[in-house]
Amino acid sequence: MFFRVMDKSRLPDLVKGLSEEFEVVGPVAKGDTFVFSTIHDPAELRLDYDTTILPPKKYFVPPAEELMRFSTADNEVLSAHVYSHPRVIFGLHPCDINALMLMDNVFLGEYEDPYYKARRESTLIVGVNCTPKDECFCDAWGTDEAHWGFDIFLSDLGDHYFVSVRSVKGADLLDRYVETRHITPEDTAEFQRVTRQFKESFTGHPVDTAQLPLLLDAKFNDPIWDELGDRCLSCGACSMVCPTCYCFDVHDKLSPSGETGSRIRTWDSCQFSEFAEVAHGHNFRDTGSSRVKYRYYHKQWGYLSKFERVLCVGCGRCERACKADISPRIVVDALQAGGGTL
Amino acid sequence: MSTETYKMLHANPYRPWPARITSIRDLTEKEKLFELRLIDEEVREAFHFDAGQFVEVSIFGVGEAPISISSAPSKQGFIELCVRNAGDVTGALHAKQCGDIVGLRGPFGRGFPFAEMKGHDVLLVAGGLGIAPLKSLINHIHDERHDFGDVTILLGARNPDEILFRKQFDMWKHRDDFDLIMTVDTPDDTWDGEVGLVTRLFDRINVDPTSTYGAICGPPVMYKYVIDEMRKKDMDADRIYVSFERRMKCGIGKCGHCGVGHQYACVDGPVFNYWEAMNLQEAI
C-alpha cells in the first residue's frame, strides 16, 4: 500500500473527476438520517454521516433482481444478463468495507455468483474513517479497521486527508483527478494519533465475545431464546438493514401472456416464519424463538465455522431497526450473564 | 455470442439446463418416477453424480424444487427422480407428459461415501419417500455387488399401496445376495409381510459392528429411533449416514434456506454421518 496526503479543499475535484467515468454513490442526508444515493453535486456528499439506513449491499445484491428471462412453452432460458455499470461508492466506513468482504466469501467462493461478481468488479470503493456512535461495536470484531477491500481510503486529519491507496485503479484515478503530495513522518505520526483517539472513543456498551461460539452451543436450550422469541415480531427488519445478511428467495414472474417471464431474486430473512418450511408443510423453525436463535447461531458460529470470521461487523443498524429491542449486544450480554433473564 | 453473454449462460450456477422427460411411471397415488435426459450433449456428458446427491428441478413460471436422484451413478446419460406431488413445482411436474421439457441444475451436495463403504457390510433403512435417495445407493451397490459384504435393506411404509418400487423389491425378496425386509404400519388383505415400525425389524437382523455402514432416510421423526437401534447394535456414530430433507432453494450454499445447525444441507449435506449430525443443532 502507498500513501498520499490530499488537501480537504480538493475533495470536490476528486468527486467531479470520478463522476466523468463512474456513477458516484455516497452518503447523503435524508431527513435526519442518511442514505447511500447517487451524487450529482459534490456538495451533496456527507462524509460526516454516522450511518445509513440501508447498507451498501443493495449495490451488489439489489433488493430484487432478474436472474434470467424464460419461455414457458419449452422451458427454455431466453437470456441472462447482469445489469452493472462503472460505479464508485464513496465514503464507506470500515464496517461496511469489511461486510462486503464477508459477502465475497459467500458469493465469490464455491459456485461463483456471476451477478454479484460483475457488480463487484465494476465498483470502486472509496473508504472514509468515522467516529463511533453509541450503537457501534465494530471494535469487538476487529472490523473497526479496513486493511483491504477498498481502492482508496481517506482518513480525516483535520484540514487534509491521509490517503491509503490499495489498487492500481485507485492510484490512477487519484493521479488523474486530484493534486496530492507524498506523506512525511509528521503525517504518519498525526495519522497514528488520530487512530489512537478513534480507538479510545468507543462510548457504547462493549460486547464480551469470550468463547461466544461455544456458548451458543452450550446454551442452545437456554430460556433466554424463548424470551427473545416472544419479543421478536418476525418482521425481518434486522436482516434487511444488515450489511452481511445475504439470504435470498427466488420466484418466477410471468408476463401477462403467460408465455414468457422472469426469474427474480429478492432479499429474504431467516426471521420470516416460512423460511425453513419444506414442500409438504413441515417447518424446521416454526417458532420465533428458534428463528431468533438461528440468526445469531449462524452469524456467530455457522459462518465462522466456514470462514473463520463472525458474520457481523458491529455497525449497529439492526439495533436501530429492531422494534422489539433485540440486538447483538443484548443477546451476547444475556448469553454471557448466565442466561435465564434479559 | 459475446464473452459476457456466454459466461452468463454457461458459467451461471442459477441457469437450469433443459432436460427431456423420457419416461414417466406411476409408482403410487402420490408418487411418480420420472426419467430425464439432459438435451445438451456437453452438459449431459459433464453430469456425474454420487448416490445421495440432488438436483434442482425447474419449471419456469412455477419455480424450482430440490429432488434427490434415485437412479444409480453407474447408469449414465439419464437420471431418475422419484417425485411426490406435494407442492407447486412437484404438482406441475406431475402434470407433465413424456417428451415434455423441464430444467435441471446440479448435481448438488455431498452424497453417500460409496468408495469408503466398499468392502464392508451395509445396512440400509428407509421410511416412506426416504427410499428415493437410498434407491440410488441400493442400485449402485447392486451394480457393484461383488465389492460389498452383506447387504441388508429394511423398508417401512404406512400401507402396502404406499411402498415405492414394490415390484422390484418383491422380486429382491427371493435373492440371496440382498436381505430385504419390508414392513407396513397398516396391512391390507394382500399383505403377508411384516407389520409395525421399521425399528421392530432390528430384532431380526445380525449386524457385525466392526464392518457395517448404515444409511438412513425417511421422515424427520424416524431418524432418532433408527439411529438408536443401530447404536444398540454397537455401530460407530461415524459409520451411520443420514440424509436430510431441508428447503434447498439455491443448492449452492447461498440462499440460506436449508441451514441446519451451523451448516447448509445443500453443500455440506444432505448426507451427514451421525457424529456430524449430532453436532448439528436441531438436526435430529
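Keep in mind that what you see is a predicted model, and the values were worked out from it rather than measured.

(A) Region of interest: unusual backbone geometry. The omega angle of the peptide bond from B:Gly106 to B:Pro107 is 0°, so this bond is cis rather than trans. Here B:Gly269 and B:Pro270 are connected by a cis peptide whose omega angle stands at 5°. Note that B:Pro270 resides in the loop between β14 (263–264) and β15 (271–273). Here the phi dihedral of A:Asn75 falls at roughly 50°; this positive angle occurs in a residue that is not glycine. Structurally, the position occupied by A:Asn75 is in the loop between β4 (64–71) and β5 (76–79). Backbone geometry places B:Phe165, a non-glycine residue, at a positive phi of 55°. Mapped onto the secondary structure, B:Phe165 falls in the loop between β8 (151–157) and α6 (166–172).

(B) Spatial organisation of the domain arrangement of chain A. Residue and element names in this part refer to chain A. We note that the domain assignment places domain 1 (2–61 + 81–199) and domain 2 (212–246 + 270–336) within chain A. Measuring from the centre of the C-alpha atoms in domain 1 to the corresponding centre in domain 2 gives 29 Å. Contact with domain 1, which involves 23 residues of that partner, is made by 18 residues of domain 2. Grouping the amino acids of the side of domain 1 that touches domain 2 by side-chain chemistry returns 15 nonpolar, 4 polar and 4 charged.

(C) Up close: the environment of A:Ser262. Residue and element names in this part refer to chain A. Along the chain, Ser262 falls in strand β12 (residues 260–267). Residues Ser262 and Arg69 lie 193 residues apart in sequence; the distance between their C-alpha atoms is 4.4 Å. For Ser262, the contacting residues outside a window of four places in its chain are Glu66, Arg69 and Lys253.

(D) A look at the sheet that holds strand β11 (residues 212–217) of chain B. Residue and element names in this part refer to chain B. Ordered by their spatial adjacency, 7 strands build an open sheet running β10-β9-β8-β7-β11-β12-β15, and the pairing between neighbours is mixed. In the strand order of this sheet, the two ends are held by β10 (194–195) and β15, each with one partner. In the sheet, β8 pairs with strand β9 (residues 179–184) via 6 bridges, with the strands oriented parallel. Note that in β9 the partner of Ala157 across the bridge is Val184. Its contacts with the sheet place helix α5 (residues 131–143) against β7 (121–127), β8, β11 and β12 (240–243), and it is angled at close to 155° to β7. Each of β7, β11 and β12 is contacted by helix α7 (residues 222–232), which is oriented at about 165° to β11, the strand it contacts most.

(E) Focus on the pairing of strand β2 (residues 31–38) of chain B. All names here are of chain B. With 7 bridges joining them, strand β1 (residues 17–26) and β2 adopt antiparallel strand pairing. Counted as the bridge partner of Arg25 is Leu33 from β2. A loop of 4 residues connects β1 with β2, the two strands running antiparallel in sequence. Bridge count between β2 and strand β5 (residues 79–84): 6 bridges; the pairing is antiparallel. Within β5, the position partnered with Leu33 by the bridge is Cys82.

(F) Broad picture of the domain arrangement of chain B. Residues and elements named next belong to chain B. Domain boundaries assigned for chain B yield domain 1 (3–108) and domain 2 (114–278). In this complex, domain 1 contributes 22 residues to the contact, which on the side of domain 2 involves 22 residues. Counting only elements with at least two residues in the side of domain 1 that touches domain 2, the list comes to β3 (54–59), β4 (63–68), β5 and β6 (101–108). The dominant element in the side of domain 1 that touches domain 2, judged by the number of residues it contributes, is β6, at 3 residues. Grouping the constituent residues of the side of domain 1 that touches domain 2 by class yields 10 nonpolar, 7 polar and 5 charged.

(G) Region of the structure containing the interface of chain B and chain A. Listed as interface residues are 38 residues of chain B and, on the opposing side, 41 residues of chain A. Elements represented by at least two residues in the side of chain B that touches chain A include exactly α1 (3–10), β4 and β6 of chain B.

(H) Highlighting the environment of A:Tyr297. By secondary structure assignment, the location of A:Tyr297 is in helix α9 (residues 288–307). Among the residues examined, A:Tyr297 registers 23 C-beta atoms within 10 Å and is labelled buried. When the C-alpha positions of A:Tyr297 and A:Leu215 are compared, they lie 10.0 Å apart, and in sequence the two are 82 residues distant. Residues contacting A:Tyr297, with those up to four places away along its chain left out, are A:Leu216, A:Gly302, B:His262 and B:Gln281.

(I) Quick peek at the pairing of strand β11 (residues 248–254) of chain A. All names here are of chain A. Relative to β12, β11 is paired through 7 bridges, and the arrangement is antiparallel. Looking across to β12, one finds that Val250 is bridged to Arg265. Connecting β11 to the antiparallel partner β12 that follows it, the hairpin turn spans 5 residues, and Gly258 within it adopts a positive phi of roughly 80°.

(J) Structural view of the sheet that holds β5(B). Residues and elements named next belong to chain B. Here 6 strands make up an open sheet; going across it, the order is β4-β3-β6-β1-β2-β5 and the pairing antiparallel. Edge positions in the sheet fall to β4 and β5, since each has one partner strand and no second. Across this sheet, the average inter-strand angle for adjacent strands is 40°, counted without regard to direction. Sheet topology places β1 next to β6; 4 bridges connect them, and they run antiparallel. Bridge pairing in β6 links Ala19 to Val102.

(K) Main features of the nonpolar core. Within the largest apolar cluster, 170 residues are counted, with the highest numbers of intra-cluster contacts made by A:Phe90, A:Val126, B:Val57, B:Leu81, B:Leu124, B:Ile216 and B:Val242. Of the residues forming this core, the biggest block, 8 residues, is contributed by helix α2 (residues 94–107) of chain A.

(L) Region of the structure containing the packing of helix α1 (residues 11–21) of chain A against helix α4 (residues 168–177) of chain A. Residue and element names in this part refer to chain A. Running from amino to carboxyl end, α1 crosses α4 at an angle of 115°, the nearest separation of the two axes being 9 Å. Classed by the angle they form, the pair α1 and α4 counts as roughly perpendicular. By crossing handedness, the relation of α1 to α4 is classed as right-handed. Residue-level inspection shows Asp13, Leu14, Gly17 and Leu18 of α1 in contact with α4, the latter providing Leu173, Arg176 and Tyr177.

(M) Broad picture of helix α7 (residues 224–231) of chain A. Residues and elements named next belong to chain A. Residues of α7 that are buried include every one of Ile224, Trp225 and Leu228, and no others. The buried residues of α7 occupy one face: seen down the axis, they fall within an arc of 95°. Among the structural elements, α9 and α11 (328–336) are those in contact with the buried residues of α7.

Here is what the cut-offs are and how they apply
Residues numbered from 1 in each chain as written. Chains lettered and ligands numbered in written order. Predicted model: local features only at pLDDT ≥ 70, side-chain atom pairs only at ≥ 80, totals over all residues. Helix = DSSP H or I, 4+ residues; strand = E, 2+ residues; numbered from the N terminus. Domains from an automatic or database assignment. Contact = placed C-beta atoms within 7 Å. Nonpolar A, V, L, I, M, F, W, Y, C, P; charged D, E, K, R; others polar. Pairing = 2+ DSSP bridges. Axes fitted to C-alpha atoms, helices over the stretch in contact; angles between N-to-C directions. Buried ≥ 20, exposed ≤ 12 C-beta atoms within 10 Å, placed from the backbone. Core = buried A, V, L, I, M, F, W, Y, C linked by C-beta atoms within 7 Å. Parallel < 35°, antiparallel > 145°, perpendicular 65-115°, else oblique. Left-handed = near helix turned anticlockwise from the far one by under 90°. Arc of directions from axis to C-beta.

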